[in-house]
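Fold and contact review
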Amino acid sequence: MDPIASQPLAGPPPVEGADALKFAQGATPEQLMTVMDYVGAVKVKQKAFLLDVGGGSCMPSSFSVKDVNGTNLMYAAEYSHPITRCCCANTRKMRLDVIPAAAVEDASGDAKFNTKELMNEAKKCCSYGGAAAGQPVAFTIDRSMEGSLFPCCRFPGACIGCCIDRFNVQKGPAPPRGTDDERPVESSVKQASLGGVFTPTWEIFDQSGTVTYKETGEGGVCESCCPGFCLCACTDNKFAFKQNDQEVGHVTRVNPKDCAGWCRQALTDADSYDVLFPQTNKEQKAALLASMLATDLLFFDDGGDLGCELNSENCKTHIKMFILYFCGCPVNVNCTIDWKELLEAAANST
């Protein structure tokens, strides 16, 4: 099908129904991204997978992007090597293919725990993931390994150049695996020098390499009483978009409001975010979504807020309470319940 004439659209593109699918299949990447020009805020929901319960990271991540009214706009599917997902966890080399929601069978991001879904997860677990053949891709968010000591992952910490995290936004689908990517970088995200030291900081760049915004952590409820940066795991966690030291937007990791949501967040990598954009173009908004991904990978892509240690010697439950931060390195502060010790103490007291 020939692309629709490459010229500015008269209004927002269709995002639902048959008209939206027809548009998505024939539009250019530039036109597919146009939807970003018409939204000032989005809700991002990471899909929960049954195979990720208990701290695994074998599944390629996927995110649904909705407007504030809940209308599906975009769907982002991770492309990465299955071995790096298991071995490198949240430091892995990866790419997000951002697809129009109309071109995805189920763009809701809702988990479906049934036998059919479990079989589909098993297939995805051993695959690279990413956009399916024939699916239109508006843009990609690529975690660059430039300067890294290893081609498959990047060490945490931002004290030296090889550990500073980088993400590039490029229009259209990525080239086939094994070929050079010659697409220009439209915008990018990079960790600040030393990671912002006590305050996590990312710098957002435009196509010319000029810093346009910064994303900085706000510290949650603990910012007034803890040295450095501290996130409380049981509250909403806000990261501000700043321009000239003035807050112009934010990305907030939103805590669940119901029991199902708490179970989802406690047992899997899945999280939900509210993103308020500043008044800017679609390329910069895509970069701000990339900074949200950087935030998720650094702080929250760790198997959930609840973990278990079960073997012949131990029976423990770890509950994440706080996240401390220094120079690009987050440290979880957990409350540990040793069930073996509790049972022994109860037996000795009787």
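Here the residue numbering is sequential within each chain, running from 1 through the sequence in written order. With pLDDT at 70 or above as the cut-off, local features in this predicted model cover only qualifying residues; side-chain atom pairs require 80 or more to be listed or tallied, and sums for whole chains, interfaces and linings still use all residues. Just so you know, side-chain values use all the structure's heavy atoms and leave hydrogens and water out.

1. A closer look at the overall build of the chain
A count of helices and strands for the chain gives seven helices and 16 strands. We take the radius of gyration over the C-alpha atoms and set the globule estimate at 2.2 Å times the residue count to the 0.38 power. Compactness check: the chain gives a C-alpha radius of gyration of 21 Å against a globular reference of 20 Å for 350 residues, within 12% of the reference. The principal-axis extent of the C-alpha atoms belonging to the chain is close to 80 × 50 × 40 Å. Residue exposure (1.4 Å probe, protein chains only): buried if accessible area is under 20% of the type maximum, exposed if over 50%, otherwise partly exposed. For the chain, the residues scored as buried account for 49% of the 350 residues in total. We call two residues in contact when some of their heavy atoms are within 4.5 Å. Counting only contacts in the chain whose residues sit at least 6 apart along the sequence, the fraction spanning at least 24 positions is 59%. A helix here means a DSSP run of H or I that spans at least four residues, while a strand means a run of E at least two residues long, and both kinds are numbered starting from the N terminus.

2. Points about the nonpolar core
Soluble, globular proteins show a tendency: their nonpolar side chains are buried together. We define a nonpolar core as any set of buried Ala, Val, Leu, Ile, Met, Phe, Trp, Tyr and Cys residues linked to one another through side-chain atoms lying within 4.5 Å. Ranked by internal contacts, the top residues of the largest apolar core, which has 47 residues, are Val42, Val44 and Val275. Top contributing element to this core by residue count: helix α6 (residues 282-300), with twelve residues. For valine 44, the contacting residues outside a window of four places in its chain are Phe63, Ser64, Val65, Asp271, Ser272, Tyr273, Val275, Leu289 and Met292. Core analysis: the next-biggest nonpolar cluster, separate from the first, contains seven residues, Tyr75, Ile99, Ala101 and Ala107 among them.

3. Overview of empty space enclosed by the protein
In this approach, a probe sized like a water molecule rolls over the atoms, and the result shows the empty space that is left. The method works on a 1 Å grid over the protein atoms by themselves. A cavity is a set of points holding a 1.4 Å probe that cannot get out, a pocket is an open set with protein on both sides within 12 Å along at least five of seven lines, and residues with an atom within 4 Å of a point line them. Grid points are joined across faces, edges and corners, and a volume is the space filled by probe spheres set on the points. One pass over the structure, following the stated rule, counts three cavities of 30 Å³ or more. One number sums up the size of the largest cavity: a volume of about 110 Å³. Among the elements of the structure, α1 (17-26) and β3 (72-79) are those that each provide at least two residues to the lining of the largest cavity. Note on residue classes: Ala, Val, Leu, Ile, Met, Phe, Trp, Tyr, Cys and Pro are nonpolar, Asp, Glu, Lys and Arg are charged, and everything else, Gly too, is polar. Along the lines of polarity and charge, the residues of the lining of the largest cavity split into 13 nonpolar, one polar and no charged. Looking at the second largest cavity, its volume works out to about 80 Å³. Lining the second largest cavity are Val44, Phe63, Val65, Ala76, Leu96, Val98, Ile141, Leu289, Met292 and Leu293. For the lining of the second largest cavity, the elements supplying multiple residues, two or more each, are β2 (62-67), β4 (95-100) and α6. Of the residues forming the lining of the second largest cavity, the biggest block, three residues, is contributed by α6. Among the residues forming the lining of the second largest cavity, the class breakdown is ten nonpolar, no polar and no charged.

4. As for the environment of isoleucine 99
By the element assignment, isoleucine 99 lies in strand β4. With 163 residues separating them in the primary sequence, isoleucine 99 and tryptophan 262 have C-alpha atoms 28 Å apart. For isoleucine 99, the residues in contact, after removing those within four places along its chain, are Leu73, Met74, Tyr75, Ala77, Val104, Ala131, Gln135 and Pro136.

5. Points about α6
By this rule the span expected of a helix is its residue count minus one, scaled by 1.5 Å. Here α6 contains 19 residues, and its C-alpha end-to-end distance of 26 Å stays within 8% of the 27 Å for a straight helix at 1.5 Å per residue. With 19 of 19 residues buried, α6 is to be regarded as a mostly interior element. The N-capping residue of α6, defined by a side-chain oxygen 3.2 Å from the backbone nitrogen of glutamate 283, is asparagine 281. Any N or O atom pair separated by 3.5 Å or less is treated as a polar contact, with the protein-specific requirement of one donor-capable and one acceptor-capable atom, and with residues adjacent in sequence counted only for side-chain atom pairs.

6. Things to note about the pairing of β4
Of all six residues in β4, six are buried; the element is thus mostly enclosed. Strands are treated as partners if at least two bridges between them are detected by DSSP. Pairing of β3 with β4 involves six bridges; the strand directions are antiparallel. Within the sheet, the bridge partner assigned to glutamate 78 lies in β4 and is leucine 96. In terms of strand pairing, β4 meets strand β5 (residues 139-144) through four bridges, oriented antiparallel. By the bridge assignment, arginine 95 is partnered in β5 with aspartate 142.

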